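Below, each chain spelled out in residue letters.
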Amino acid sequence: MDFKDSKSALVARRPKDKAAASRLDRLMTNTGLSPEVLGAQTGVSGKRIRQIVDGDIPQRRVRYALARRFDLLPADIWKADAKGLTPADLIHLRSLARQGAVTA
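## Comments concerning the pattern of salt bridges
Turning to step 1, where the next piece is worked out: One pass over the structure, following the stated rule, counts three salt bridges.
Turning to step 2, where the next piece is worked out: Between Arg50 and Glu36 there is a salt bridge, and its shortest N-O distance comes to 2.2 Å. A residue pair is termed long-range when its members are at least 10 positions apart, and Arg50 in helix α4 (residues 46–53) and Glu36 in helix α3 (residues 35–42) qualify at 14 residues.
Turning to step 3, where the next piece is worked out: Arg50 gets classed as partly exposed once you look at its relative accessible area, which sits at 39%.
Turning to step 4, where the next piece is worked out: Residue Glu36 is classed as partly exposed on the basis of its relative accessible area of 45%.
Turning to step 5, where the next piece is worked out: For Arg48, the salt bridge identified is with Asp56, shortest N-O distance 3.2 Å. Note on accessibility: Arg48 and Asp56 belong to one class, buried.
Turning to step 6, where the next piece is worked out: Ionic contacts of the salt-bridge type, sharing partners, join the residues Lys16, Arg48 and Asp56 into one network.

Dropping the structure here:
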């Protein structure tokens, strides 16, 4: 094993969340936002947004900023697959909750 191989063996792989990445990508597509525009609106770089859409799991602060932009909670994006809900369903439920029709 040469140096290059040993160095790459030491790099820990970050966990990926492809389901959340897909939900964020659909939210961006449905609202017509590019990674750069979403980044500017949330204080996150466009490069970091692209990494998240590729499956990286962001820090809590970033999850809150992104979820807030879509009027959601972070769990709606990063753990919604357990509920079996689409982003559109979540947005609808949040609007109903704000109106007092359901509890979110």
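## Remarks on unusual backbone geometry
Turning to step 1, where the next piece is worked out: A positive phi angle is found at Asp71, which is not glycine, with a value near 60 degrees.
Turning to step 2, where the next piece is worked out: Within the secondary structure layout, Asp71 lies in the loop between α5 (60–69) and α6 (74–78).

## So, the nonpolar core
Turning to step 1, where the next piece is worked out: Formed by 16 residues in total, the largest nonpolar core has its most connected members in Leu24, Leu38, Leu66, Phe70 and Ile77.
Turning to step 2, where the next piece is worked out: Within the residue set of this core, elements represented by two or more residues are α2 (18–31), α4, α5 and α6.
Turning to step 3, where the next piece is worked out: With four residues, α2 is the largest single contributor of residues to this core.
Turning to step 4, where the next piece is worked out: In this structure Ile77 touches Ala20, Arg23, Leu24, Leu27, Ala67 and Leu72, once residues within four positions along its chain are discounted.

Rules and cut-offs
- Residues numbered from 1 in each chain as written.
- Predicted model: local features only at pLDDT ≥ 70, side-chain atom pairs only at ≥ 80, totals over all residues.
- Heavy atoms only, no water.
- Salt bridge = Lys/Arg side-chain N within 4 Å of Asp/Glu carboxyl O.
- Helix = DSSP H or I, 4+ residues; strand = E, 2+ residues; numbered from the N terminus.
- Buried < 20%, exposed > 50% of the residue type's maximum accessible area, 1.4 Å probe, protein only.
- Core = buried A, V, L, I, M, F, W, Y, C linked by side-chain atoms within 4.5 Å.
- Contact = heavy atoms within 4.5 Å.

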